[in-house]
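# Architecture at a glance
Each chain, written out:
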Amino acid sequence: MNILPELKSRFRVVLSELVDDPTELLGMIRPAQDAKFGDYQANVAMPLGKTLGKPPREIATEIVSKLDVSDICEPPEIAGPGFINLRLKDDWLVFRLNHAVGDQRLGVAADNEPRTYVLDYSSPNVAKPMHVGHIRSTVIGDSLSRTLRFLGHQVISDNHLGDWGTQFGMIIYGFKHFVDRNAYETAPVPELSRLYKLVNQLVEYHNAKAKLPTLESELAARTEAVATQRSQPATGDKAADKKAKKELGKLEAKVTEAAETLAATRAKLAAVEKDSKLSELADQHPNIASDVLEETAKLHRGDEENRRLWDEFLPKCREEIQKLYDRIDVKFDFEYGESFYHDRLAGVVEEFEKHGLARESEGAICVFMDGFDAPMIIRKKDGAFLYATTDLATIQFRIQQWKPDAILYVVDHRQGEHFEKFFAAAKLCGYPDVELCHVSFGTVLGDDGKPFKTRSGDTVGLEALLDEAVQRAYSVVSQNDDTKPNGPELGEAERRRVADAVGLGAIKYADLSHNRTSDYVFSYDKMLALTGNTATYLQYSYARVNGIFSKGSIDIAKLRADGTSIQIVEPAERALALELLRFSDALADVVEDYRPNQLTNYLFQLTKVFFSFYEQCPVLKAEADQTRNSRLLLCDLTARTIRQGLNLLGINVIDRM
RNA sequence: GCGCCUGUAGCUCAGGGGAUAGAGCAACGGUUUCCUAAACCGUAGGUCGGAGGUUCGAAUCCUCUCAGGCGCACCA
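Thresholds applied
Residues numbered from 1 in each chain as written. Chains lettered and ligands numbered in written order. Predicted model: local features only at pLDDT ≥ 70, side-chain atom pairs only at ≥ 80, totals over all residues. Heavy atoms only, no water. Helix = DSSP H or I, 4+ residues; strand = E, 2+ residues; numbered from the N terminus. Expected span 1.5 Å × (residues − 1). Buried < 20%, exposed > 50% of the residue type's maximum accessible area, 1.4 Å probe, protein only. Axes fitted to C-alpha atoms, helices over the stretch in contact; angles between N-to-C directions. Left-handed = near helix turned anticlockwise from the far one by under 90°. Contact = heavy atoms within 4.5 Å. Nonpolar A, V, L, I, M, F, W, Y, C, P; charged D, E, K, R; others polar. Near = heavy atom within 4 Å. Polar contact = N/O pair within 3.5 Å; in protein donor to acceptor, adjacent residues only side chain to side chain. Domains from an automatic or database assignment. Pairing = 2+ DSSP bridges. Patch = residues over 30% accessible without salt bridge, like charges linked within 9 Å, V, L, I, M, F, W, Y side chains within 5 Å. Areas by Shrake-Rupley, 256 points an atom, 1.4 Å probe, with all protein chains shown as cover. Salt bridge = Lys/Arg side-chain N within 4 Å of Asp/Glu carboxyl O. Lys, Arg positive; Asp, Glu negative; His and termini not counted. Charge placed at Lys NZ, Arg CZ, Asp CG, Glu CD. Phe/Tyr/Trp six-rings, centres within 6.5 Å; stacked < 30°, edge-to-face > 60°.

### Thoughts on helix α1 (residues 3-15)
In a regular helix each residue adds 1.5 Å, so 13 residues correspond to 18 Å; α1 covers 18 Å between its end C-alpha atoms and thus fits that length. If you check which residues of α1 are buried, you get I3, L4, E6, L7, R10, F11, V14 and L15.

Spelled out as structure tokens, the structure:
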């Protein structure tokens, strides 16, 4: 039994007599904003004032008189304009807590209307090393997957790997021209990775070279536009002058932008040109960009050699990626990559054409839809398919295969428009009522407020990112251990283990604790801080609670089974009890908008309430045995809730640190 | 030019129709013969970018506006 749903169902009975559909009103029952108003509050009377034509307080009185919550709550109070304030009975809190003590699920009921979810997250290109941009999708998706499962839903996690695109054309091209056989025999993946980078660099070199004149003339044109704008005499009209000034500012910004693009392009060229070997290679492969596309096209056409190479490379690449997933403990039920859909793409396009949903325009097959300026192109004029085509084939397969109630795409916000179009197109196909949701998220920024990059401007490899976090965690852990009042207690091996959990936890938690829609600033120092809303703090709190048990030589499993009852006497005990029982509310909030930060906020709040309790209520030193045991069980529930909560975030706990 | 997102304390961020807008960090003050002081308690800090509007009630919804970010047919 979960508190909020229970209260809502009680209110539903009463409200159904007043309105046709009370669903919306039930959303106005929520945790009290301030503890002095009680534990929960119902704000339903005010909006009903107008509908029913009666003073809200009168309505509130009527609702309260009919409301049957006497087993759960103290008599409800009406306050202000018509707030109904609810305070849970201590007896009931105790009853619920005692149930939670003996329950694997900590008293959290499974959803009584389980749904089937397909979750699409992570989805890296297997040929490229993963970088910081992939972590957010992976971590958010994994957490949602875990949370939905815990709540009793059926979840199918499907990693839509990029295993069929241009990157493989690059590797194939690189393999054919630049492979170091020895290196490949001894360590294939690093060699393939090197080839990818090399080919990519050469392609970009030639692209940059081709673009250079355009960029230069663009800069010149923009600079001139600024000069022209500057030379405009003031008109004397304030509004017009202001507008002109604004226009000038915009033009100047464009000059800066053009100059930056040009500088970056030149830097790219210089990097190749100053390296005589690279430079030579670049000269020897002037058509590398189109040749790479041709290798890709050949693969897609079924060219025997390229297909053989792809078959050879793919398992190696996947193995490499799997290592990373193992390290961060992320699993998928399926990994149907893009290649899986390859032979369905033509059919998708045909179907769209057959039903008159798509037509040819400028040589491409396009889906035109109301509300969009540009069509969704599903086949290029050269006959090749696009990721929009793959997405359509994929959704068709998923719906047929798994008959989901919802499909969630955990993908960064820049693809918002693509998903709008894609969802609209999927609707045209007449798919049944499937909830399609782009679970979008913002960019990870560096200290400078720009997308997180290394000093030299490269994207940060995920592996290196994790290594650094773990290494920094190690020094945090060691420093903490060294300064313990009774001397260090962790051996080297245990420090390493703890550092691993702390470092990886810090990275994940940083991603999950921010509202996913906003960008956030990446900072090792902040995410590894021992205070504040961090995984480290929660892990430490967990270890502290554990410390109580070991210090007191408590067999907590035995105590749980003893049938000892929790008792609520002190306000701090009550506050902790209530917070513990709100776990299910927090999980419901996560699922509501697919926002894991609802859970991190809850866990942080719980931990603060716990420490407040811990400060005020001696546990091991409690006078009466009954008090001591009751408090031990409160500690135990706190620890278990933190552990379970962190687990749903994909983060491990440590017994001591 | 069009579209989407963001703007909340010095900093990093919660809160997304309800009562006096919150947390962490930083600052300042207090608490330790006492279960890890990595804690706890307190003080200070805000025209919620700005202006209108809707509402009994707006940081939250709508319109306009300013600032920043990101996208805008044949890359994914």
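Text resumes after the structure shown.
### Quick notes on the packing of helix α5 (residues 90-101) against helix α25 (residues 625-648)
Where α5 contacts α25, the axes come no closer than 10 Å and their chain directions differ by 65°. Note that α5 runs across α25; the crossing there is left-handed. For the pair α5 and α25, the contacting residues are L97, A100 and V101 in the first and L633, L634, L637 and R640 in the second. Considering only residue class, the contact of α5 with α25 consists of six nonpolar, no polar and one charged.

### Comments concerning the protein's contact with RNA strand B
Contacts to RNA strand B come from 62 residues, most closely from Q33, K36, K50, K380 and N480. Counted by atom, the contact set of RNA strand B within 4 Å of the protein is 55% sugar and phosphate. Taking K608, its side chain carries an N or O atom lying 3.2 Å from a sugar or linking oxygen of RNA strand B. For the surface near RNA strand B, the secondary-structure elements that each account for two or more residues are α3 (45-52), β4 (83-86), β8 (364-367), β13 (520-521), α20 (535-551) and α24 (597-616). Counting residues per element, the surface near RNA strand B draws most heavily on α24, which supplies nine residues.

### What to know about the domain arrangement of chain A
Domain boundaries assigned for chain A yield domain 1 (3-88), domain 2 (132-159 + 329-445), domain 3 (166-310) and domain 4 (462-648). Between the C-alpha centres of domain 3 and domain 4 the distance comes to 47 Å.

### Concerning the sheet that holds strand β7 (residues 359-361)
The sheet built from three strands is open, its strands ordered β7-β8-β9 with antiparallel pairing. Either end of the sheet is taken by a strand with one partner, and the two such strands are β7 and β9 (376-379). Strand-to-strand twist in this sheet, taken as the mean axis angle between neighbours without regard to direction, amounts to 50°. Examined bridge by bridge, β8 and β9 share three bridges and lie antiparallel to one another. Residue pairing in the sheet places V367 in a bridge with M376 of β9.

### Side note on unusual backbone geometry
With glycine set apart, most residues show a phi of negative sign, and most peptide bonds adopt trans. With a phi close to 50°, E362 is a non-glycine residue in the positive phi region. Within the element layout of this structure, E362 appears in the loop between β7 and β8. Even without a glycine there, the phi angle at Y594 is positive, about 55°. Within the secondary structure layout, Y594 lies in the loop between α23 (583-593) and α24.

### Focus on the sheet that holds strand β11 (residues 435-441)
Taking strand neighbours across the sheet as the criterion, the four strands line up as β6-β5-β10-β11 in an open arrangement whose pairing is parallel. Each having just a single partner strand, β6 (154-158) and β11 make up the two edges of the open sheet. Each strand axis lies, on average, 20° off the axis of its neighbour in the sheet, ignoring direction. As paired elements, strand β5 (residues 116-120) and strand β10 (residues 406-412) share four bridges and run parallel to each other. Of the residues in β10, the one forming a bridge with D120 is Y409. Where helix α16 (residues 416-428) meets the sheet, its contacts fall on β10 and β11, and the angle it forms with β11 comes to roughly 175°.

### Details of a negative patch on the surface
A surface patch of like charges, here negative, comprises E350, E351, E353 and E360. Sort the elements by how many residues they give to the negative patch and helix α14 (residues 345-354) lands first, with three residues. Along the polypeptide, E360 turns up in strand β7.

### Details of the packing of aromatic side chains
If you walk through the whole model with that rule in mind, you get 33 aromatic pairs. An angle of 80° between the planes, with centres 5.7 Å apart, marks the rings of F397 and W402 as edge-to-face. Summarising the burial analysis for this pair, F397 and W402 share the class buried. Between F611 and Y614, the ring centres sit 6.2 Å apart and the planes meet at 75°, which makes this aromatic pair edge-to-face. Separated by three residues within a single helix, F611 and Y614 lie in helix α24, roughly one turn from each other. Take F611: its relative accessible area is 16%, and that puts it in the buried class. In this structure Y614 comes out as partly exposed when scored by relative accessible area, which is 26%. Aromatic ring contacts, followed pair by pair, group F334, Y336, F340, Y341, F397 and W402 into a single cluster.

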